[in-house]
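# Coordinate inspection notes
Now for the letters of each chain:
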Amino acid sequence: MNDLSLALKDLDEKRVYELVEKELAAGARAIDIIESCNAGMVAVGELFASGAYFISELIFSAEILKEVMKRIETLLQAAPSGAGKGKIVIGTVKGDIHDIGKNIAATLLRGSGFEIIDLGVDVGAEKFVEALEKSGAKVLGMSALLNFAYPEMKKVVDAVIAAGLRDKVRIIIGGAPVNEQVREFSGADYAAADAVAGVEFCKNVYG
Ligand code: B12
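Residues numbered from 1 in each chain as written. Predicted model: local features only at pLDDT ≥ 70, side-chain atom pairs only at ≥ 80, totals over all residues. Heavy atoms only, no water.

## Things to note about the overall build of the chain
In terms of regular secondary structure, the chain is built from nine helices and five strands. Put simply, the chain runs from its N terminus to its C terminus through helices and strands in the order α-α-α-α-β-α-β-α-β-α-β-α-β-α. At 17 Å, the chain has a C-alpha radius of gyration in line with the 17 Å of a compact globule built from 207 residues. Taking the principal axes of its C-alpha atoms as reference, the chain extends roughly 50 × 40 × 25 Å. Every one of the 207 residues in the chain was classed for burial, and the buried ones make up 44%. Summed over its atoms, the accessible surface of the chain is roughly 10,300 Å², and 55% of this surface lies on carbon and sulfur atoms. Across the chain, the mean location of the 23 positive side-chain charges is 5 Å away from that of the 30 negative side-chain charges. (Helix = DSSP H or I, 4+ residues; strand = E, 2+ residues; numbered from the N terminus. Rg over C-alpha atoms; globule rule 2.2 N^0.38 Å. Buried < 20%, exposed > 50% of the residue type's maximum accessible area, 1.4 Å probe, protein only. Areas by Shrake-Rupley, 256 points an atom, 1.4 Å probe, with all protein chains shown as cover. Lys, Arg positive; Asp, Glu negative; His and termini not counted. Charge placed at Lys NZ, Arg CZ, Asp CG, Glu CD.)

Below, the structure is given as structure tokens:
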């Protein structure tokens, strides 16, 4: 963890913004700033799980991160080359309202020239399928941070199969705890370690 990660872990709001400004002035990439923040957020999550932080601290950490995102968002969007690369349906699955990572992935994909159909949070299988049918998107991106949301990811994949779309749509999953095991369980095609890996996957799908 670097100074920025530690400041976020300690919920030292002022210092977080100072360090972000300092990194931006030094020419740091937005994606590196996100990764530092990510490490801090994982630490916040651990403190919450151990009982040292309460839900109020979890909410506060999210507010700080959202403010950081506002400051670096334009940098993530500044990649207009290859606009019109293809459509991607994205959302956080039913039962889960975590959306900061999903929004980062959506912003980065948009910045890479993809058209994003963002369904928001707490999205059920039918809504995902409906959006795929309507848009003709070749990629479906699902986000989840809660363990108990994994069966929901599987439900969405099953609904895509039932709608006869599985051979037309590549399915990618993301969110801090998502891994190869979750991918296998859900039936998705790819588990993205981070938003950048997600962008690479989508670029490959759309050639
Ligand atoms: C902030 C936070 C919250 C905020 C969320 C605010 C918001 N608008 O999102 C609030 C306070 C609302 C919240 C609520 C809860 N939370 Co919470 N929360 C977190 C915390 C600290 C950080 C999450 C975060 O934003 N990380 C930063 C982002 C940038 O990281 P990320 O999401 O992983 O995204 C990156 C990649 O994964 C990727 N990515 C993400 N999605 C996608 C999708 C695609 C398609 C792609 C390609 C890539 C991609 O891109 C990002 C950049 O690389 C985590 C801790 C952790 N370990 O993550 C706990 C954590 C996820 N929460 C947890 C819990 C338990 C809860 C609550 C149940 C608490 C409660 N008792 O009420 C509720 C659940 C509410 C619900 N129904 O969803 C647990 C989950 C445990 C588990 N594994 O099941 C965690 C792990 C904390 C812990 N260790 O206990 N939480």
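## Thoughts on the site of the ligand
Around the ligand, the surrounding shell holds 39 residues, and the nearest of these are I97, H98, D99, S143 and N147. Within the side chain of N38, a nitrogen or oxygen atom sits 2.9 Å from an oxygen atom of the ligand. The backbone of G45 places a nitrogen or oxygen atom 2.9 Å from a nitrogen atom of the ligand. The set of elements that each furnish at least two residues to the shell around the ligand consists of α3 (30-49), α4 (55-77), α5 (100-111), β3 (139-143), β4 (170-174) and α9 (195-205). Composition of the shell around the ligand by domain shows at least three residues from each of domain 1 (3-77) and domain 2 (86-205). (Near = heavy atom within 4 Å. Polar contact = N/O pair within 3.5 Å; in protein donor to acceptor, adjacent residues only side chain to side chain. Domains from an automatic or database assignment.)

## Here we look at the packing of aromatic side chains
This model, assessed by the stated rule, comprises two aromatic pairs. Note on F114 and Y206: the rings are 5.8 Å apart at their centroids and 45 degrees apart in plane angle, and the pair reads as tilted. Residue F114 is found in strand β2 (residues 114-118), and its partner Y206 is found in the segment after α9; the two are separated by 92 residues along the sequence. A ring pair is formed by Y190 and F201, whose centres lie 4.9 Å apart and whose planes are at 0 degrees; its orientation type is stacked. Within this pair, whereas Y190 is found in strand β5 (residues 190-191), its partner F201 is found in helix α9, the two being separated by eleven residues in sequence. When its relative accessible area of 10% is taken as the criterion, F201 is described as buried. Sitting over the ring of Y17, R71 keeps its end group 4.2 Å from the ring centre. (Phe/Tyr/Trp six-rings, centres within 6.5 Å; stacked < 30°, edge-to-face > 60°. Lys NZ or Arg CZ within 6 Å of the ring centre and 35° of its normal.)

## Considerations on the nonpolar core
V16, V68, I72 and L109 are the most contacted members of the largest nonpolar core, which has 41 residues in total. Broken down by secondary-structure element, the contributors of at least two residues to this core are α1 (3-9), α2 (13-25), α3, α4, β1 (86-92), α5, β2 and α9. Built from parts of two domains, this core gets at least three residues from each of domain 1 (3-77) and domain 2 (86-205). (Core = buried A, V, L, I, M, F, W, Y, C linked by side-chain atoms within 4.5 Å.)

## Focus on the pairing of β1
With six of seven residues buried, β1 lies mostly within the body of the structure. With five bridges joining them, β1 and β2 adopt parallel strand pairing. In the strand pairing of β2, I90 is matched with D118. At this point the chain moves from β1, through α5, to the parallel β2, and the crossover so formed is right-handed. Strand direction decides the pairing type here: β1 and β3, joined by five bridges, are parallel. Residue pairing in the sheet places I90 in a bridge with G141 of β3. (Pairing = 2+ DSSP bridges. Right-handed = clockwise from strand over helix to strand, strands pointing away.)

## Focus: the environment of F114
For F114, a relative accessible area of 3% gives the class buried. Expressed as a C-alpha distance, the spacing of F114 and D167, which sit 53 residues apart in the sequence, is 21 Å. Filtering out sequence-adjacent residues up to four positions away, F114 remains in contact with K85, G86, I88, L109, C202, K203 and Y206. (Contact = heavy atoms within 4.5 Å.)

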